[in-house]
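Remarks on the overall topology
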Amino acid sequence: MTASRFAYNDETFLLDGEPLRILSGALHYFRVHPDQWADRIAMGRLMGLNTIETYIPWNAHSPTRGTFDTDGGFDLGRFLDLVGEAGMHAIVRPGPYICAEWDGGGLPAWLLKTPGIRVRSSEPHYLDAVTEYLEAALAVVAPRQIDSGGPVILLQVENEYGAYGSDADYLRSLTEIYRRNGITVPLTTVDQPRDGMLERGSLPELLATGSFGSRVDERLAAIRAHQPNGPLMCSEFWCGWFDHWGGFHHVTDAAESARSLDRLLEAGASVNIYMLHGGTNFGLTNGANDKGVYQPTVTSYDYDAPLDEAGRPTEKFWKFRDVIARHEAVPPLPSDVRVPSEFVVPESVPLLGAGVLDDVAPGEWAPYESAPTLDDLGMASGFLRYRAFLSGSDEPAVLDLGEVRDRAWIFLDGTAVGVLSRAAGDHSIALPRGRGRLDILVEDEGRVNYGPRIGEPKGLIGPITLGGVELSGWQVAPVPIHDLPALAECSPASPLPLRAGLIRAHFELDEPTDLAMGTGELGWGVAWVNGFGLGRFRPRGPQRALYVPRPATRSGRNTVVLFTQEPPRSRRLTFHAALDLGPVDD
């Protein structure tokens, strides 16, 4: 791309001195298989957009301090280059906090272990870590700004900060870090235009934008009252919503969303549609909300967006394209534009046991006087096994775990006793006796991404008592989650596990293709296809199928591996003709 200058005046954005309305759509590279990035970007252009927006998830790029991983699905530079090659602009939102229904809101688990640290503030320890992160991230972004011939026209400072704090020094420090590291394009903030959030979440030298999905005139008026000069922009136009396990699938009326979009454009505002394409919380990357009740986000991030989870245009896509065409030029439709169709449905195949977890992955057990958390062991996510030897009587006794974060399966001498769930508020259970080997498997179901509980540790919080007496002398072993697919494939066949264990299945394809893998009968667990982490599945809705991206499949034999914590209700793996998001099962 040719180097250009991007700026704004009292009324509009300017590209080389000429007015430009930003028509953007959110597309998170980290929620899409990298081999499908170009397709999703092209579909955004076809809808009439001229810009693609993305967050940067700090924790995904920096699983340990001092690192910044840009391999594979985290190759931010390649993603931005593809945006530019499509003839589109880019908006980048590095955070450092992103929310996004992403694990921990993007804040790394290691960050919160620093003594005295106060996240999202001008506290020195936090700013030191943020500076390291932003220097690495901006080294990728800065050379791709529009004045260097790249696609990037805007960067966002923090994210809806007015809903969290009011530390102007913090926002000013972030701004200085951006400028010191070569960012020359305009900087923005975003907040809901109500309750003083715009005042707390921005600075006079930054362009304030709004996040909303309705009541357009009222919201734009609030932004203009706060900021008399500068272009109006809704930088999160909510056209859908996210789902929680055990909840319902959120759907917004396409016609109503289109009317709100039309009103935005009639008012002369710029827009970023959140989301253009939601994608998937692959692996263990989903976040959770906790506003008094812990609610983990489902694996699908469909978001009822214009492009569905498989990247296919929905009714909302066509209605939004029609609206945009009334205000700006849109590209002509190619003759081979895709329409939603049923997925290929391979024949159902048998589920094959690959061993109980403790046999397949016995682990390295380490002693602790009191039960540690995942964070104590440096674990950002996953599963942790706890073991203690009880020396009480043969009489029943109540085991109290203090607080479970987030689900615990309890065993005594290898026999299942029950399950304790944070979502249900459980933390105690009656054991049939007070002696024997106590085993507890704990799952972190996703770190809180919004609210005051961001940064809390995971695991058993304690104190752990039996009959009111605190237990000590623990052994713990992390579950090697990333090794499980390989361990399952090389394990001999065995009966389907009745407790935490591994299952595999094999199916055939004539050629690589997108799939909808049925999960409603698979119990509770995590799935992989050919080693690619699809994400979590649950016996309750609203999600009953996992999206399998075409690049994760292959011609011929394909292998599914399941790590299940509860027995499946079926002995076969099935596929669906559609991604199943619907009412919750009882």
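Each remark here, short or long, concerns the structure printed above.
Residues numbered from 1 in each chain as written. Predicted model: local features only at pLDDT ≥ 70, side-chain atom pairs only at ≥ 80, totals over all residues. Heavy atoms only, no water.

**Examining the overall build of the chain**
Let me state the cut-off plainly: Helix and strand assignments follow DSSP, with helices taken as H or I runs no shorter than four residues and strands as E runs no shorter than two, numbered in order from the N terminus. Computation of the radius of gyration draws on C-alpha atoms alone. For the globule rule, the value is 2.2 Å times the number of residues to the power 0.38. In this scheme, a residue with accessible area under 20% of its type's maximum is buried, one over 50% is exposed, and one in between is partly exposed, where area comes from a 1.4 Å probe on protein chains only.
Counting secondary structure elements, the chain contains eleven helices and 36 strands. On C-alpha atoms alone, the chain measures out to a radius of gyration of 25 Å, which is about the 25 Å that the 2.2 N^0.38 rule sets for 586 residues. If one aligns the C-alpha atoms of the chain with their principal axes, the spans along those axes are about 80 × 55 × 40 Å. Evaluated residue by residue, the chain yields a buried proportion of 60% over its 586 residues.

**A short note on the sheet that holds strand E17 (residues 383-391)**
Applicable threshold: Note: two strands are recorded as paired if DSSP finds a minimum of 2 bridges between them. Under this scheme, a helix contributes an axis fitted over its contacting stretch, all axes are lines through C-alpha atoms, and angles between N-to-C directions fall in the 0 to 180 degree range.
Read across the sheet, six strands follow the order E16-E28-E17-E23-E20-E21 without closing on themselves; strand pairing throughout is antiparallel. Each edge of the open sheet is held by one strand with a lone partner, namely strand E16 (366-368) and strand E21 (415-421). Taken over all neighbouring pairs, the strand axes of this sheet differ in orientation by 25° on average, direction set aside. By the bridge criterion, nine bridges tie E17 to strand E23 (residues 435-443) in an arrangement that is antiparallel. Looking at E23, one finds that arginine 385 is bridged to leucine 441.

**Some thoughts on helix H3 (residues 76-85)**
Burial runs high along H3: seven of the ten residues are buried. Leu76, Gly77, Phe79, Leu80, Leu82, Val83 and Gly84 are the residues of H3 that are buried. Trailing H3 by a residue or two, glycine 87 shows a phi angle of about 75°, which is positive.

**A word on the side chain of glutamine 145**
Stated formally: For the purposes of these results, a polar contact is taken to be a pair of N or O atoms within 3.5 Å, where, inside protein, one atom must be able to donate a hydrogen and its partner to accept one; residues adjacent in sequence count only when each atom of the pair is a side-chain atom. Residues are treated as being in contact if the distance between any of their heavy atoms lies within 4.5 Å.
Assignment of secondary structure puts glutamine 145 in the loop between helix H4 (124-141) and strand E7 (152-156). Looking at glutamine 145, its side chain comes within polar contact range of the main-chain nitrogen of valine 185, at 3.2 Å. Those residues in contact with glutamine 145, other than ones at most four positions away along the chain, are Gly150, Val152, Gly182, Ile183, Thr184 and Val185.

**As for the packing of helix H1 (residues 37-47) against helix H9 (residues 315-325)**
The cut-off we apply is this: Small angles under 35 degrees read as roughly parallel and large ones over 145 as roughly antiparallel, with 65 to 115 read as roughly perpendicular and the rest as oblique. Note on residue classes: Ala, Val, Leu, Ile, Met, Phe, Trp, Tyr, Cys and Pro are nonpolar, Asp, Glu, Lys and Arg are charged, and everything else, Gly too, is polar.
Look at H1 against H9: their axes get within 8 Å of each other, and the N-to-C directions meet at 45°. Considering the angle they form, H1 stands oblique to H9. For the pair H1 and H9, contact is made by Met43, Leu46 and Met47 and by Phe317, Phe320, Arg321 and Ile324, respectively. When grouped by side-chain class, the residues that make up the contact of H1 with H9 number six nonpolar, no polar and one charged.

**A word on the pattern of salt bridges**
Where side chains of opposite charge bring their charged atoms close, a pairing between them can arise. We apply this condition: A pairing counts as a salt bridge when a side-chain nitrogen of Lys or Arg comes within 4 Å of a carboxyl oxygen of Asp or Glu.
Within this structure, the stated rule accounts for 39 salt bridges. Residue lysine 319 is joined to glutamate 315 by a salt bridge in which the shortest nitrogen-to-oxygen separation is 3.9 Å. Here glutamate 315 and lysine 319 lie together in helix H9, a separation of four residues that amounts to about one turn. Members of the salt-bridge network, linked through shared partners, are Asp290, Glu403, Arg405, Asp406, Arg422, Asp444, Arg453, Glu456 and Lys458.

**Focus: helix H7 (residues 216-226)**
Which entries qualify depends on this criterion: Think of the arc as the fan of directions from the helix axis to the C-beta atoms.
For H7, the full list of buried residues reads Val216, Arg219, Leu220 and Ile223. Viewed end-on, H7 has its buried residues packed into an arc of 95°, placing them on one side of the element. Buried-residue contacts for H7 involve helix H6 (197-201), strand E9 (207-212), strand E10 (233-238) and helix H8 (254-266).

**Let's talk about the sheet that holds strand E18 (residues 397-400)**
Pairing is antiparallel across the open sheet formed by four strands, whose spatial order is E22-E18-E26-E27. Edge positions in the sheet fall to strand E22 (428-431) and strand E27 (469-470), since each of these pairs with one other strand and no more. In this sheet, E27 lies alongside strand E26 (residues 465-466) in antiparallel orientation, the contact comprising two bridges. Each residue of the ladder has a partner; that of threonine 465, found in E27, is glutamate 470.

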